[in-house]
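# Close look at the chain arrangement
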Amino acid sequence: MANTQRYFIELSYDGTRYHGWQAQPNAITVQELLDKALSTLLRQQVETVGCGRTDTGVHATQFFAHFEAPRPPEGGAEDALQKFPLQGVRGLNALLPFDIAVHRIFAVDDEMHARFSATQRSYEYHIHFQKDPFLHNRSWLQRDKPDTELMNQAAAIIMEYSDFSCFSKSNTQVFTNNCKIVNARWEQTPNGIVFKISADRFLRNMVRAIVGTLMMVGKGEIAPQEVRKIIESKNRSNAGTSVPACGLYLTEIKY
């Protein structure tokens, strides 16, 4: 719209205390608190559009949202919105709780959309093997170390497919269960292991279901090649259980 300016916000959050990103009745979410802070700062009702959803307890080291605000008048009175990208970061961080941080605010074209303009998303899933109070709610504690070589063999098989109905939460309102995975691999970390995965899009619960299935491989419960049968069955009940949300992070959005 000619009289408004679209802004992108880059933020990160610890999802432990929240019922995910998306605003919903009778639950505290990141979007709800961000919209409230923006509305307070701009002294008008503001509603953001997020780059996607994260479930309850899931974290984001990079997340984008967009919103509309009135365009400053031509010729430039010292309007608050003219200084908004710089001052807005400080103002929002002062209004937001400790576990949500705004990093950047920048103006974009009206066609740019936080969700639909994204071309690639990346997630990480963290697992550690020794009790550590500083990793509580931020990584999944496991007693026994799985075989990451076998899990990487299975991850390579997953990348050969595009229909991931077997890893999707049932009864989701999406037009297709097809995704293009461009990276899926386990790596060692100082505290344990991390699964890194990137794709053009993800289905609800997809990453946690994939990790649960790969852990079955790593624990010797199924062979890597059995992942083919699971994917080709397109049946969620054949895949592994969803791992806890605490270890999952949305880490990068590309536009």
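Because the structure is a prediction, the values reported are computed rather than measured.

For helix H1 (residues 30-42), built from 13 residues, the straight-helix expectation of 18 Å at 1.5 Å per residue is met to within 8% by its first-to-last C-alpha distance of 18 Å. Within H1, burial applies to Val 30, Gln 31, Leu 34, Asp 35, Ala 37, Leu 38, Ser 39 and Leu 42. Capping of H1 at its N-terminal end is provided by Thr 29; its side-chain oxygen lies 3.2 Å from the backbone amide nitrogen of Glu 32. Arg 43, located one to two residues past H1, shows a positive phi value of around 60°.

Time to look at the pattern of salt bridges. Overall, the coordinates contain 10 salt bridges when judged by the stated rule. Here Arg 208 and Asp 55 are joined by a salt bridge, their closest N and O atoms 3.7 Å apart. Residue Arg 208 is found in helix H4 (residues 206-218), and its partner Asp 55 is found in the loop between strand E2 (49-50) and strand E3 (59-70); the two are separated by 153 residues along the sequence. The exposure class of Arg 208 is buried, given its relative accessible area of 14%. Measuring nitrogen to oxygen at the nearest pair gives 3.4 Å for the salt bridge that ties Asp 163 to Lys 234. Residue Asp 163 is found in the loop between helix H3 (148-158) and strand E7 (181-188), and its partner Lys 234 is found in the loop between helix H5 (226-233) and strand E9 (248-254); the two are separated by 71 residues along the sequence. One salt-bridge network, held together by shared partners, links Asp 55, Arg 204 and Arg 208.

Size it by volume and the largest pocket reaches roughly 1,000 Å³. For the lining of the largest pocket, the secondary structure elements donating two or more residues are E2, strand E5 (120-128), H4 and E9. Its residues placed into classes, the lining of the largest pocket shows 16 nonpolar, 11 polar and 8 charged.

As a further point, take the state of the cysteines. Inspection of every chain in the model, using the stated rule, returns 0 disulfides. Free of any disulfide, Cys 166 has its nearest neighbouring cysteine sulfur in Cys 179, separated by 11 Å. Judged by its relative accessible area of 0%, Cys 166 is buried.

This brings us to the pairing of E5. Extensive coverage of E5 is indicated by the burial of 8 of its 9 residues. Pairing between E5 and E9: 6 bridges, direction antiparallel. Paired with Ser 122 across the bridge in E9 is Glu 252. Both E5 and strand E8 (residues 192-199) contribute to a ladder of 8 bridges, which runs antiparallel. Of the residues in E8, the one forming a bridge with His 128 is Gly 192.

Let us look at the packing of H3 against H5. In contact at an axis separation of 9 Å, H3 and H5 are set at 35° when each is read in the N-to-C sense. Relative to H5, the crossing made by H3 is right-handed. On the side of H3, the interface is formed by Ala 154, Ile 157 and Ile 158, while H5 contributes Val 227, Arg 228 and Ile 231. Its residues placed into classes, the contact of H3 with H5 shows 5 nonpolar, no polar and 1 charged.

Cut-off values and rules
- Residues numbered from 1 in each chain as written.
- Predicted model: local features only at pLDDT ≥ 70, side-chain atom pairs only at ≥ 80, totals over all residues.
- Heavy atoms only, no water.
- Helix = DSSP H or I, 4+ residues; strand = E, 2+ residues; numbered from the N terminus.
- Expected span 1.5 Å × (residues − 1).
- Buried < 20%, exposed > 50% of the residue type's maximum accessible area, 1.4 Å probe, protein only.
- Polar contact = N/O pair within 3.5 Å; in protein donor to acceptor, adjacent residues only side chain to side chain.
- Salt bridge = Lys/Arg side-chain N within 4 Å of Asp/Glu carboxyl O.
- 1 Å grid on protein atoms, 1.4 Å probe; cavity = no way out; pocket = protein on both sides within 12 Å on 5 of 7 lines; lining within 4 Å.
- Points joined across faces, edges and corners; volume = space filled by probe spheres on them.
- Nonpolar A, V, L, I, M, F, W, Y, C, P; charged D, E, K, R; others polar.
- Disulfide = S-S within 2.5 Å.
- Pairing = 2+ DSSP bridges.
- Axes fitted to C-alpha atoms, helices over the stretch in contact; angles between N-to-C directions.
- Left-handed = near helix turned anticlockwise from the far one by under 90°.
- Contact = heavy atoms within 4.5 Å.

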